[in-house]
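This is what each chain is made of:
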Amino acid sequence: MPERLLYNLTFDEFAAWMNKHGEKPFHARQVFEWAYRHNAASFEDMTNLSKELRLDLAETFRVGPLQPAAVSAGAEATKLLLNLPHEKGGSVECVRIRMGNTYTACLSTQIGCNVRCTFCATGQQQCERNLSVGEILLQLISLRAKGLTGEEPATADEPFYPVSNVVFMGMGEPFHNYPGTVAAVRMLTDKRAFGMSPSRITVSTSGVVPMIRRYTQEGLRTELTISLNASNDEVRQRLMPGASKWPLSEVVAACKEYSEATGGQPVTFAYVIIEGVNDLLDHTRELGKLLRHQPHHVNVIPLNPVSHANLRAPSKERINAFIHHCRQFGLNVSLRHSKGVEIDAACGQLRARRQG
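Note that the coordinates shown come from a computational prediction; the quantities given were computed from them, not determined experimentally.

Conventions used here
Residues numbered from 1 in each chain as written. Predicted model: local features only at pLDDT ≥ 70, side-chain atom pairs only at ≥ 80, totals over all residues. Heavy atoms only, no water. Core = buried A, V, L, I, M, F, W, Y, C linked by side-chain atoms within 4.5 Å. Buried < 20%, exposed > 50% of the residue type's maximum accessible area, 1.4 Å probe, protein only. Helix = DSSP H or I, 4+ residues; strand = E, 2+ residues; numbered from the N terminus. Contact = heavy atoms within 4.5 Å. Polar contact = N/O pair within 3.5 Å; in protein donor to acceptor, adjacent residues only side chain to side chain. Salt bridge = Lys/Arg side-chain N within 4 Å of Asp/Glu carboxyl O. Arc of directions from axis to C-beta. Right-handed = clockwise from strand over helix to strand, strands pointing away. Pairing = 2+ DSSP bridges. Phe/Tyr/Trp six-rings, centres within 6.5 Å; stacked < 30°, edge-to-face > 60°.

So, about the nonpolar core. Nonpolar side chains in soluble globular proteins tend to be buried together. Judged by nonpolar contacts, the single largest core of 87 residues is most densely connected at Phe 14 and Leu 57. With seven residues, helix H4 (residues 133–144) is the single largest residue contributor to this core. Leaving out residues up to four positions away in the same chain, Phe 14 has contacts with Leu 6, Leu 9, Ala 28, Val 31, Phe 32, Leu 57 and Phe 61. Ranked by size, the runner-up nonpolar core spans 16 residues in total, among them Cys 120, Ala 230, Ala 243 and Val 272.

Below, the structure is given as structure tokens:
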């Protein structure tokens with residue numbers, strides 16, 4: 001089977017290929033509609049194209065979801081481990097999270113990660129390589145597909161899972177793979193591809209200041225989340241050694257520029273709370289001072305423990321007290337419960353378990 005993913009091409013690139021092969025422009029639009037809007041499993045499914053064209057496409061490109069190498073499923077979330085069709089190989093995780101009648105897809109941008117967060121399973125897996133835009137989008141295609149893992153079969157009414165939101169919060173640091181991440185966002189919002197609203201896309205970063213500023217200039221207006229996890233540079237150095245190159249003051253300054261460029265859009269600051277590490281009253285005071293001039297929302301997330309880390313979440317009472325003090329210091333804060341704890345949905349856990 002060809003290893004050239006259709007999803008690696010922009011619409012203009014694919015239209016140029018079609019033109020070079022003597023096909024009319026509207027055929028390129030038809031293929032993109034099948035691939036992205038209908039989640040086509042193969043070119044054979046594209047029934048309004050000629051058989052000859054379908055055969056030509058199948059000889060050149062790959063389309064359709066990947067059969068997962070491993071699956072972990074629960075009531076709220078399903079995690080897939082995908083072996084990628086790439087000459088360098090590698091596997092990545094992606095997660096489909098139920099949100100009422102629709103779903104959120106959590107996508108990876110790298111195999112492994114160099115931020116090295118002490119509380120993250122992926123942080124213990126050195127970054128092997130960046131994913132191409134097609135490999136990022138292939139995760140969404142696979143998460144939307146029905147019947148791959150023995151779940152409910154596709155029907156005429158719901159041929160695939162309705163994913164309405166995408167978050168770049170899987171394996172890797174999205175801004176360490178800046179070209180792939182931005183290209184994926186552009187395809188997600190392209191009306192000829194997925195056609196999603198930027199407000200339904202969240203890019204999460206550990207705080208790569210130059211790339212936050214560069215992303216601000218892209219004009220994409222997605223949601224931006226900073227994996228903060230500390231109120232001062234000393235704690236952040238301990239928890240996120242690969243992100244400590246830029247002081248928190250510089251991270252927040254870059255976020256303020258993003259908010260100003262997007263009409264005052266708040267930035268979300270994710271704060272994984274860990275007992276005895278970042279859950280003290282002094283930390284709430286420091287957070288209030290750090291974010292007082294930044295449009296923000298703070299998500300306090302109880303630690304999802306991983307087997308290799310000697311860390312744990314605080315008690316419910318301690319977390320509630322932390323949130324109470326944050327609000328006293330003027331912070332817009334809420335508690336976010338992680339979905340999928342029962343399926344090891346935290347980043348990197350399924351891959352680490354499979355690698356043993």
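Now for the environment of Asn 8. Mapped onto the elements of the fold, Asn 8 is located in the segment before helix H1 (11–20). Using a relative accessible area of 29% as the deciding quantity, one classes Asn 8 as partly exposed. Considered as a pair, Asn 8 and Tyr 258 are 250 residues apart in the sequence and their alpha carbons are 28 Å apart. With residues near it in sequence (within four places) discarded, Asn 8 still touches Glu 13, Ser 132, Val 133, Gly 134 and Glu 135. Among the polar contacts made by the side chain of Asn 8, one reaches the main-chain amide nitrogen of Gly 134 at a distance of 2.6 Å.

Moving on to the pattern of salt bridges. What the rule picks out here adds up to twelve salt bridges. Its salt-bridge partner being Arg 192, residue Asp 190 comes within 3.1 Å of it at the nearest N-O pair. Among the salt bridges present, the one from Arg 285 reaches Asp 282, with a minimum N-O distance of 2.7 Å. Here Asp 282 and Arg 285 lie together in helix H9 (residues 281–291), a separation of three residues that amounts to about one turn. A relative accessible area of 40% places Arg 285 in the partly exposed class. Here the salt bridges share partners, and the residues they tie into one network are Asp 12, Asp 190 and Arg 192.

All right, on to H9 then. Of the positions making up H9, those classed as buried are His 283, Thr 284, Leu 287, Gly 288 and Leu 291. Looking straight down H9, one finds its buried side chains confined to an arc of 140°; they lie on one side. Contact partners of the buried residues in H9: helix H7 (233–239), helix H8 (248–261), strand S10 (267–273), strand S11 (296–302) and helix H10 (316–328).

As a further point, take the pairing of strand S9 (residues 223–227). Of all five residues in S9, four are buried, a share of seventy percent or more. On the question of chirality, the crossover connecting strand S8 (residues 201–205) to the parallel S9 by way of helix H6 (residues 209–218) is right-handed. Bridge count between S9 and S10: three bridges; the pairing is parallel. Pairing of Thr 225 across the sheet is with Thr 268, part of S10.

This brings us to the packing of aromatic side chains. In total, this model carries 13 aromatic pairs according to the counting rule given. For the ring pair Phe 11 and Phe 32, a centre distance of 5.2 Å and an interplane angle of 85° mean the geometry is edge-to-face. Taken together, the positions of Phe 11 in helix H1 and Phe 32 in helix H2 (residues 25–37) put the pair 21 residues apart, joining distant regions of the chain. Grouping residues by exposure puts Phe 11 and Phe 32 together as buried. Three or more aromatic residues joined by ring pairs form one cluster here, namely Tyr 7, Phe 11, Phe 14, Trp 17, Phe 32, Tyr 36, Phe 61 and Phe 194.

Let us look at the environment of Asn 310. Mapped onto the elements of the fold, Asn 310 is located in the loop between S11 and H10. Taking the relative accessible area as the measure of exposure, Asn 310 reaches 80% and is therefore exposed.

Relative to the assigned elements, Arg 129 resides in strand S6 (residues 129–130). Given a relative accessible area of 11%, Arg 129 falls into the buried group. Looking at Arg 129, its side chain comes within polar contact range of the main-chain oxygen of Gly 89, at 2.8 Å. Here Glu 135 takes part through its side chain, which lies 2.9 Å from a polar atom of the side chain of Arg 129.

Before going further, it helps to examine the side chain of Thr 202. Turning to its location among the elements, Thr 202 is positioned in strand S8. Setting aside residues no more than four positions away along its own chain, Thr 202 makes contact with Val 166, Val 167, Phe 168, Met 169, Glu 223 and Thr 225.

A few words now on the pairing of strand S3 (residues 91–99). Of all nine residues that make up S3, seven are buried, and the element is covered over most of its length. Note: strand S2 (residues 77–83) against S3, seven bridges, orientation antiparallel. Of the residues in S3, the one forming a bridge with Lys 79 is Val 95. Sheet analysis places S3 next to strand S4 (residues 102–106), joined by five bridges and oriented antiparallel. Within the sheet, the bridge partner assigned to Val 95 lies in S4 and is Cys 106.

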